[in-house]
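As a plain string of letters, each chain reads:
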Amino acid sequence: MSEMRYEAPKTLEAAVALLAGADGVAKVLAGGTDILIQMRGGRVDPALLVDVKGIPEMTSIVAENGGFRFGAAVTAMELSEHKAFAKAWPGITEAAMLIGSYQIKGRATVGGNLCNASPAADSVPALIAANATASIVGPNGRREAKVEDIATGPGKNSLAKGELVASFLMPARPANASDAYLRFIPRTEMDIAVVGAGINLTLDAKGVCTQARVCIGAVAERALLVPEAAAALVGSSVDEAALTRMGAACSAAARPIDDKRGTKAYRIKVTGVMARRAAAIARDRAKGAK
Ligand SMILES: Cc1cc2nc3c(=O)[nH]c(=O)nc-3n(C[C@H](O)[C@H](O)[C@H](O)COP(=O)(O)OP(=O)(O)OC[C@H]3O[C@@H](n4cnc5c(N)ncnc54)[C@H](O)[C@@H]3O)c2cc1C
């Protein structure tokens, strides 16, 4: 590891100036649960680390436009302990709570989970299903992007030099709407997803699905939004027939790798199973939602 500069700016503007003006590799440091391991393993060797945990917008959770804005450097534990957020977005909350052990959750951030761009990142399918927007700040000012447009492949994201994700915007929750995230791992905990599925849906007063977003994780180079799966739910009462069609659409969209943790055929099958189960949970939550 070569010599490295560490900075801990207190404003977004200062962070962007540091990242944009750096010679050599400059990296954001959030919880460090991915990047410190990558540095120790020699996979990245940054000349500059910009610690963002002292920047207010990046570390706060606030109500905004009927929904929420939460900082990209909010930890998984902080997010899941926010009662109003957890009530509105139980699927995102359960996804964040699956990230590692309590020690890891106390450090790991949702922004880091997204920007690290692991195809198996747990919070990402839940955020995409929830239609979350990333608020990105860079040398050219602020721009908004849908979360599904950030990770582009393993370890790669669409952020330009000097840009960072400052916060996430969650839309207002309509009545009778909820979400759920499920993942499959070969062990009971402390493993990465072999398959993940995030579902967000809205029902009308009669229990008919009027809107749905379905996202699958760990079965392609990045989390995949599956519009065909959402279409299978819309107009139905999210009954067994609709769940079966939705699960089949998820399996059809999956393009996983074969490895020691699961064959391609196995992952494709499990994708449909996880998506069906997650959708049934989201449906039941939406029915119970005020
Ligand atoms: C033991 C262990 C268990 C784990 N279990 C899981 C698990 O079950 N599920 C799971 O999904 N992950 C798991 N992880 C991976 C990791 O904890 C998560 O990906 C975590 O959310 C990363 O967040 P961080 O704040 O630590 O990111 P960091 O390590 O600080 O950063 C990760 C990457 O994202 C970049 N980055 C961070 N924040 C921003 C930002 N706001 N804008 C732009 N770039 C940014 C950094 O430059 C770096 O490249 C585990 C890790 C460990 C060590």
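The model shown is predicted, which means the values in this text are computed figures rather than measured ones. (Residues numbered from 1 in each chain as written. Predicted model: local features only at pLDDT ≥ 70, side-chain atom pairs only at ≥ 80, totals over all residues. Heavy atoms only, no water.)

**Remarks on helix H12 (residues 264-288)**
Okay, step 1: Here H12 is 25 residues long and its end C-alpha atoms lie 36 Å apart, about the 36 Å a rise of 1.5 Å per residue gives.
Okay, step 2: The complete set of buried residues in H12 reads Arg267, Val270, Thr271, Gly272, Met274, Ala275, Ala278, Ala279, Ala280, Ala282, Arg283 and Ala286.
Okay, step 3: On its buried face, H12 sits against strand S11 (177-184), strand S12 (195-203), strand S13 (209-217), helix H10 (227-233) and helix H11 (240-253). (Helix = DSSP H or I, 4+ residues; strand = E, 2+ residues; numbered from the N terminus. Expected span 1.5 Å × (residues − 1). Buried < 20%, exposed > 50% of the residue type's maximum accessible area, 1.4 Å probe, protein only. Contact = heavy atoms within 4.5 Å.)

**Overview of the sheet that holds strand S2 (residues 26-29)**
Two orientations exist for strands paired in a sheet by backbone hydrogen bonds: parallel and antiparallel.
Okay, step 1: Read from one edge to the other, the open sheet built from three strands follows the order S1-S3-S2, with strand pairing classed as parallel. With one partner strand each, in any of the chains shown, strand S1 (5-7) and S2 form the two edges of the open sheet. In this sheet, neighbouring strand axes are inclined to one another by 20° on average, regardless of whether the strands run parallel or antiparallel.
Okay, step 2: Two elements, S2 and strand S3 (residues 48-51), share four bridges in a ladder whose sense is parallel. Its bridge partner being in S3, Ala26 is matched across the sheet by Leu48.
Okay, step 3: Of the strands in this sheet, S1, S2 and S3 touch helix H1 (residues 12-21), which is tilted by about 165° from S3. (Pairing = 2+ DSSP bridges. Axes fitted to C-alpha atoms, helices over the stretch in contact; angles between N-to-C directions.)

**So, the pairing of strand S5 (residues 67-71)**
Okay, step 1: Across the five residues of S5, five count as buried, placing the element largely inside the fold.
Okay, step 2: What you see with S5 is no split at all: Gly67, Arg69 and Gly71 on one side and Phe68 and Phe70 on the other are buried throughout.
Okay, step 3: Hairpin connection of strand S4 (residues 61-64) to S5: two residues between the antiparallel strands, including Asn65 at a positive phi of 50°.

**Re helix H6 (residues 90-97)**
Okay, step 1: H6 sits mainly inside the fold: six of its eight residues count as buried.
Okay, step 2: Among the residues of H6, those classed as buried are Pro90, Gly91, Ile92, Thr93, Ala95 and Ala96.

**Some words on the packing of aromatic side chains**
Any pair of aromatic rings gets described here by the distance separating the centres and the angle formed by the planes.
Okay, step 1: Summed over the entire model, instances satisfying the criterion amount to four aromatic pairs.
Okay, step 2: Seen in terms of ring centroids, Phe184 and Tyr266 are 6.0 Å apart; in terms of plane orientation they differ by 75°. Their pairing is edge-to-face. Note that Phe184 is positioned in strand S11 and Tyr266 in helix H12, a separation of 82 residues in sequence.
Okay, step 3: A connected cluster of aromatic rings, assembled from ring pairs, spans Phe68, Phe70, Phe85 and Phe168.
Okay, step 4: Looking at Arg173, its charged tip hangs above the ring of Trp89, at a distance of 3.6 Å from the centre. (Phe/Tyr/Trp six-rings, centres within 6.5 Å; stacked < 30°, edge-to-face > 60°. Lys NZ or Arg CZ within 6 Å of the ring centre and 35° of its normal.)

**A look at the sheet that holds strand S10 (residues 164-170)**
Okay, step 1: Strand order in the open sheet formed by five strands is S4-S5-S10-S6-S7, and the pairing between neighbours is antiparallel. Looking at strand neighbours, the two that pair on one side only are S4 and strand S7 (141-146), the edges of this open sheet. The sheet shows a mean angle of 25° between the axes of neighbouring strands, direction not considered.
Okay, step 2: Bridging between strand S6 (residues 133-138) and S7 involves six bridges; their strand directions are antiparallel. Residue pairing in the sheet places Ala134 in a bridge with Ala145 of S7.
Okay, step 3: The strands touched by H1 are S6, S7 and S10; relative to S10, the strand with the most contacts, the crossing angle is about 140°.

**Some thoughts on the site of the ligand**
Okay, step 1: The full set close to the ligand counts 31 residues, and Val28, Gly31, Thr33, Asp34 and Thr109 are the nearest of them.
Okay, step 2: Asp34 places a side-chain nitrogen or oxygen 2.5 Å from an oxygen atom of the ligand.
Okay, step 3: Residue contributions to the shell around the ligand peak at four residues, all from helix H8 (residues 110-115).
Okay, step 4: Residues belonging to the shell around the ligand are distributed by class as follows: 17 nonpolar, nine polar and five charged. (Near = heavy atom within 4 Å. Polar contact = N/O pair within 3.5 Å; in protein donor to acceptor, adjacent residues only side chain to side chain. Nonpolar A, V, L, I, M, F, W, Y, C, P; charged D, E, K, R; others polar.)

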